[in-house]
Amino acid sequence: MARKLPRKDVVIVGLGWTGAILAHELTDAGLDVVAIERGPWRDTATDFNIGYMPDELRYAVRRDLFLQPAQEAITMRNNVSETALPMRDYGSFLPGTGVGGAGVHWNGHTWRFDPADFQLKTHLTERYGAERIADLQVEDWGVTYDEMENAYDRFEYLCGISGKAGNLGGNIQDGGNPFEGARKREYPLPPMKMTYAPTLFAQAAKSLGLHPFPTPSANLSKPYVNPLGIGMGECTYCGFCERFGCANYSKSSAQTTILPVLMRKSNFEARCNSEVMQVNLDPSGKMAKSVTYVDSSGVEWEQPAEMVLLCAYGLHNARLMMLSNIGKIYDPQTGEGTVGRNYCYQTNAGMQLFFDDKNFNPFIAAGACGQTVDDFNGDHFDHGPVDFVGGAGINCIPTNGRPIGFRPVPPGTPRWGSEWKKATKDNYLKSFAFSSQGSSYAARGNYLDLDPTYKDRFGRPLLRMTFDFPDNDIRMSHWVSDRMEEIAKALNPKKYVSGKRNKSWNSVPYQSTHNTGGATMGANPKTSAVNKYLQSWDVPNVFVIGASAFQQNAGKNPTGTVGALAFHAADAIRNQYLRNPGAPLVQA
Amino acid sequence: MSDSDRLAPTRRRFLTSAAALTFVTIASQTYAQSISGKLPWHPFAGEPPQPSLAGWFFFKPHEARAIEAIVDRLIPADDLSVGGKDAGCAAYIDRQLAGSFGNASRLYMKAPFLHGTPTQGYQGEATPAMRYRAALGAIDEHLRRTKNNRGFAQLSADEQDQFLKDLEAGKVDLGEIDGKVFFNLLLQNTMEGFFADPIYGGNRDMVSWKMIGFPGARYDYRDHVSKHNQPYPNGPVSITGSPEWSHKG
């Protein structure tokens, strides 16, 4: 029997990026807020200790900061005809846990999605006709880029993003991304210093008439004080970024941009090592009254609240909705139900280059220090002559030279023995890679629901993921790989190796922790689980914030849009919802 | 509840450190950690890795001899570096198998264990420690039967290489054990030992880092970022420093 706690105004599930932003905004509005986080408390001084943070085995291979499958696994299959089995170890994607969430150990690529991304169904139908997207289930998001611009700006200034604007108020800027939506002002910081490989990549891309620019980065190019008054340091290009916490206070995270202010507020409380079991609804099923959680000693608590914000990782938001009977679970046979609908991923491919005469010092790197070519992303080019929709950013962002994971050798090299060793030594400094990060467009058969067999340590069903790359996305990725090959040739390496993306999605090798959808936003409650303010259509005092809201994924990293959605939802709660709590902000 | 009196027993419910030599027993009395009003900070609350100790913690003596011989063929001594044995790869694997990696404490290990598709990943019930014990036993049995009652360590270098190639290619029948899958685990762990920070028992004297030119745990390259195509001048350091430092006293 759960022990009942005193009521709070707001209970937040998960204290990562979105939970921290919402907590900061709503405590500023005077509300009494508690965040319940299943992982541990973490901060820079204690947990991202400079004395032992540069430890590849512990943090990158054993993944000490991540969610472990023993705590919560996910089952997967490529299509409904297969039996889903648990990913006994995470591989293809790596969810975070603990205070700061995956925002602790991300690389820091911080993008805005295109104006067309938010109205994709409308945009593609108008430009190419409904036939072109008949195999897909793309949707509009119910918001426009213009409505999101201010929220993007606030997230970028919270973080101190280092970059170069490409479109200021409609005026294209030299050196930035000419394909981006209009922004009202420059990035808060200039781009990072560029390492050698991205510099050569940009020269080669330019020689082909493409438009390379510095990747917008949450690794700070200079010291910065953000609008909350929190100071951050300059990135040291240490090469221990993704999978690691930053010991320098130079990678944006909840720890480095919000928590020093948030934690001092008397109307905020963080409860760690406490896992939310479910959201409890009142007898009508239309209003949330509390959440139940279990602390690390196994004691069960009930935390009543006026409103509940699901701010866990997107996949876990969707699962918590399913476990709490918020909304109806999607059924791919009938197409009905919205929770779990439009699960999307990222369609990536690689290109490895080998040189004889160059030294790239691959260990001098940062998570988001590099160059991007956006010419073939989204709908930046005419898809009339091609047989797909969508596209990919081409990124040359060498993130590290950590040698358990980074040991490029040409194909055909033995995996061990003296010949292997010589090739490893010969190529370590003289090789680099670039890659395409492709859009992932929704399809009817790709979705999330609850597994019928496998349970977590509390006996709750695991999330079941049914996914394979849609044919459209494979055709897109192959076409972009051909464009990458043109860039590779222009770089004139000794050898290049194209790693093309093919079916079926394999859960074992790491690809991307960009899992989107499952609780998507939109204007139509039949095709979205939350409205344009991320408020549940079914239980209006529940908001669901994260990449779970994406109707489909763009060829860009999601965190910039996730952060913007957090500010967008916070504004809606502060300026609209609190005037009439419990009421839907959009009539179904 | 205030955080100060309850912080200590709550840290790291899910301790999974690669450094943990023996699996840490979680105190039965743990509490949720409530934090409000300040950023918490406590002295010595971090969890540094524990240096690898001497001796064998998992392998039995005959297993240790076989593993040492195997890692010495996977990474042979030559003019580029010492061999895997002298680099500490066998000791590294031993420590890993004695700890949380070996007992799979961080993996999802609930039944049913079914045979899946390749895209669903490894679905076996055995922990890495159990897989090593069973596979080394099966390899020894196989070799003694087919190689004149000799174990792996007693084979010639050429015979050892040929056996490892056959194992890698899935040509060795080890009964219920999939030799190819085990080889991949063994190779992965050997490379981890060779390239990880020396604190874990392998990569002795940072031998692999010196070989390829990885500077290790330096953490600040601002002065060299813009020096394109120029060799980085400094040798490696590890979490525990550099052996050169101790010779200068």
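Remember, it's a predicted structure, so these values are computed and weren't measured experimentally. (Residues numbered from 1 in each chain as written. Chains lettered and ligands numbered in written order. Predicted model: local features only at pLDDT ≥ 70, side-chain atom pairs only at ≥ 80, totals over all residues.)

Focus on the overall build of chain B
Here comes step 1: Regarding its fold elements, chain B presents seven helices and one strand.
Here comes step 2: For chain B, the α and β elements follow one another from N to C terminus as β-α-α-α-α-α-α-α.
Here comes step 3: Taking all 249 residues of chain B together, 41% fall into the buried category.
Here comes step 4: For chain B, contacts bridging at least 24 residues in sequence account for 62% of all contacts bridging at least 6. (Helix = DSSP H or I, 4+ residues; strand = E, 2+ residues; numbered from the N terminus. Buried ≥ 20, exposed ≤ 12 C-beta atoms within 10 Å, placed from the backbone. Contact = placed C-beta atoms within 7 Å.)

Details of the overall build of chain A
Here comes step 1: Counting its regular elements, chain A contains 13 helices and 22 strands.
Here comes step 2: Taken over C-alpha atoms, the radius of gyration comes to 23 Å for chain A, in line with the 25 Å a tight globule of 588 residues would show.
Here comes step 3: Projected onto its principal axes, the C-alpha positions of chain A cover 70 × 60 × 50 Å.
Here comes step 4: When each of the 588 residues of chain A is scored for burial, the buried share is 63%.
Here comes step 5: If you take every contact in chain A between residues at least 6 apart in sequence, the share linking residues at least 24 apart comes to 76%. (Rg over C-alpha atoms; globule rule 2.2 N^0.38 Å.)

What about helix α1 (residues 61-74) of chain B?
Residue and element names in this part refer to chain B.
Here comes step 1: With 14 residues, α1 should cover 20 Å at 1.5 Å per step; its first-to-last C-alpha distance of 20 Å lies within 8% of that length.
Here comes step 2: The element α1 is largely enclosed, with a buried count of 10 among its 14 residues.
Here comes step 3: When we look at burial in α1, the residues that qualify are E63, A66, I67, E68, A69, I70, V71, D72, R73 and L74. (Expected span 1.5 Å × (residues − 1).)

Focus on the packing of helix α1 (residues 17-28) of chain A against helix α13 (residues 559-575) of chain A
Residues and elements named next belong to chain A.
Here comes step 1: Where α1 meets α13, the closest approach of the two axes is 9 Å, and the angle between their N-to-C directions is 25°. Put simply, α1 runs roughly parallel to α13. In this structure, α1 meets α13 at a crossing whose hand is right-handed. Contact with α1, carried on its side by W17, T18, I21, L22, E25 and L26, involves T559, V562, G563, A566, F567, A569, A570, I573 and R574 of α13 and no other residues of that element.
Here comes step 2: Looking at the contact of α1 with α13, its residues break down into 10 nonpolar, three polar and two charged. (Axes fitted to C-alpha atoms, helices over the stretch in contact; angles between N-to-C directions. Parallel < 35°, antiparallel > 145°, perpendicular 65-115°, else oblique. Left-handed = near helix turned anticlockwise from the far one by under 90°. Nonpolar A, V, L, I, M, F, W, Y, C, P; charged D, E, K, R; others polar.)

Some remarks on the pairing of strand β18 (residues 431-438) of chain A
Residue and element names in this part refer to chain A.
Here comes step 1: Counting buried positions along β18 gives eight out of eight residues, so the element sits mostly inside the fold.
Here comes step 2: Judged by which residues are buried, β18 turns out to be covered on both faces: S431, A433, S435 and Q437 on one side and F432, F434, S436 and G438 on the other are all buried.
Here comes step 3: In the sheet, strand β15 (residues 347-354) pairs with β18 via eight bridges, with the strands oriented antiparallel. The residue bridging A349 from the neighbouring strand is S436, located in β18.
Here comes step 4: The pairing of strand β17 (residues 392-396) with β18 spans four bridges and is classified as antiparallel. For A392, the partnering residue across the bridge sits in β18 and is G438. (Pairing = 2+ DSSP bridges.)

Considering the interface of chain A and chain B
Here comes step 1: Tallying the contact residues gives 80 residues for chain A and 74 residues for chain B.
Here comes step 2: When residues of the side of chain A that touches chain B are traced back to their parent elements, those giving at least two are α2 (44-47), α3 (56-61), β5 (85-86), α7 (196-207), α9 (259-262), β11 (268-272), α11 (417-427) and β19 (447-455) of chain A.
Here comes step 3: Among the elements that make up the side of chain A that touches chain B, the one with the highest residue count is α11(A) (six residues).
Here comes step 4: Class assignment of the residues belonging to the side of chain A that touches chain B gives a composition of 34 nonpolar, 25 polar and 21 charged.

As for the pairing of β15(A)
Residue and element names in this part refer to chain A.
Here comes step 1: With six of eight residues buried, β15 is to be regarded as a mostly interior element.
Here comes step 2: Of the pairings in the sheet, the one linking β15 to strand β21 (residues 495-499) comprises five bridges and is antiparallel in character. Among the inter-strand pairings, Q352 is bridged to a residue of β21, identified as V497.

Overview of the sheet that holds β5(A)
Residue and element names in this part refer to chain A.
Here comes step 1: Here we have four strands laid out as an open sheet, ordered β5-β4-β20-β19, and mixed in their pairing. If you trace the sheet from one side to the other, it starts and ends with β5 and β19, each paired once.
Here comes step 2: Set on the sheet, helix α10 (residues 314-323) makes contact with β4 (74-77), β19 and β20 (461-466); between it and β19 the angle comes to about 70°.

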